[in-house]
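Structural features, examined
Now for the letters of each chain:
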Amino acid sequence: MLPMGKTAVHLDHDVSDPAAPTISFDQFFAVDIRIGHHRQSRAVPGSAQASLQAVDRFRADARDKAVERPNCRPPEELVGQQVAGVVNFPPRQIGKFMSEVLTVGFPDQNGAVVLFSPDRPVPNGARLF
């Protein structure tokens, strides 16, 4: 259960909040976080948030994934970048867009999303461990 006034979306997270409750390694490994590569990005019509849609390759054996990112950089700046995303959550409707990957990131000092990416290139589809 979430504390009073908190939402499941972590966009309102305060850096002074305590760490989340302890989880097992099995729970952590159940979340499949992979690296994907931006080949194309564009604005998402019908979303209430400032969001972007990108075509990424997160697994060599999977079809391209479309992902949604709130409050992010302009689409043209994302092309060519590798980012991490959760690939085993169910698809989620966001505006007129069906999001199939949850990209992960951190808020900057203004609350804008800074996407999580490796500090040097890794193979697309590589899994976080």
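Note that the structure is predicted; figures quoted are calculated from it, not measured.

Along the backbone of the protein chain there are two helices and nine strands. Counting every position in the protein chain, which comprises 129 residues, the buried fraction comes to 32%. A separation threshold of at least 6 residues defines the contact pool for the protein chain, and within that pool the share at least 24 residues apart is 56%. Entry remark: accessible area of the protein chain is about 8800 Å², with carbon and sulfur atoms responsible for 60%.

Tallied over the full model, the rule gives three aromatic pairs. Here Phe25 and Phe29 contribute two aromatic rings whose centre-to-centre distance is 6.3 Å and whose plane-to-plane angle is 25 degrees, an arrangement assigned as stacked. Of the two residues, Phe25 and Phe29 both sit in helix H1 (residues 25-30), four residues apart, roughly one turn of that helix. For Phe25, a relative accessible area of 65% corresponds to the exposed category.

The next subject is a nonpolar patch on the surface. On the surface, Ile23, Phe25, Phe28, Phe29, Phe106, Phe116, Leu128 and Phe129 cluster together into a nonpolar patch covering about 910 Å² of accessible area. A total of three residues in the nonpolar patch trace back to one element, the largest contributor, which is H1. Look at Phe29 and you get partly exposed, because its relative accessible area is 42%.

The next subject is the confidence of the model for the protein chain. Mean pLDDT over the protein chain: 75, with 64% of residues reaching 70 or higher. Taken element by element, the predicted model of the protein chain shows its lowest mean pLDDT in strand E3 (residues 65-70) (58) and its highest in H1 (94). Segment residues 1-8 is flagged for pLDDT under 50; beyond a separation of four residues in sequence, or across chains, it makes six contacts in the model.

Thresholds, definitions, all that
- Residues numbered from 1 in each chain as written.
- Predicted model: local features only at pLDDT ≥ 70, side-chain atom pairs only at ≥ 80, totals over all residues.
- Heavy atoms only, no water.
- Helix = DSSP H or I, 4+ residues; strand = E, 2+ residues; numbered from the N terminus.
- Buried < 20%, exposed > 50% of the residue type's maximum accessible area, 1.4 Å probe, protein only.
- Contact = heavy atoms within 4.5 Å.
- Areas by Shrake-Rupley, 256 points an atom, 1.4 Å probe, with all protein chains shown as cover.
- Phe/Tyr/Trp six-rings, centres within 6.5 Å; stacked < 30°, edge-to-face > 60°.
- Patch = residues over 30% accessible without salt bridge, like charges linked within 9 Å, V, L, I, M, F, W, Y side chains within 5 Å.
- Salt bridge = Lys/Arg side-chain N within 4 Å of Asp/Glu carboxyl O.
- pLDDT = per-residue confidence, 0-100.

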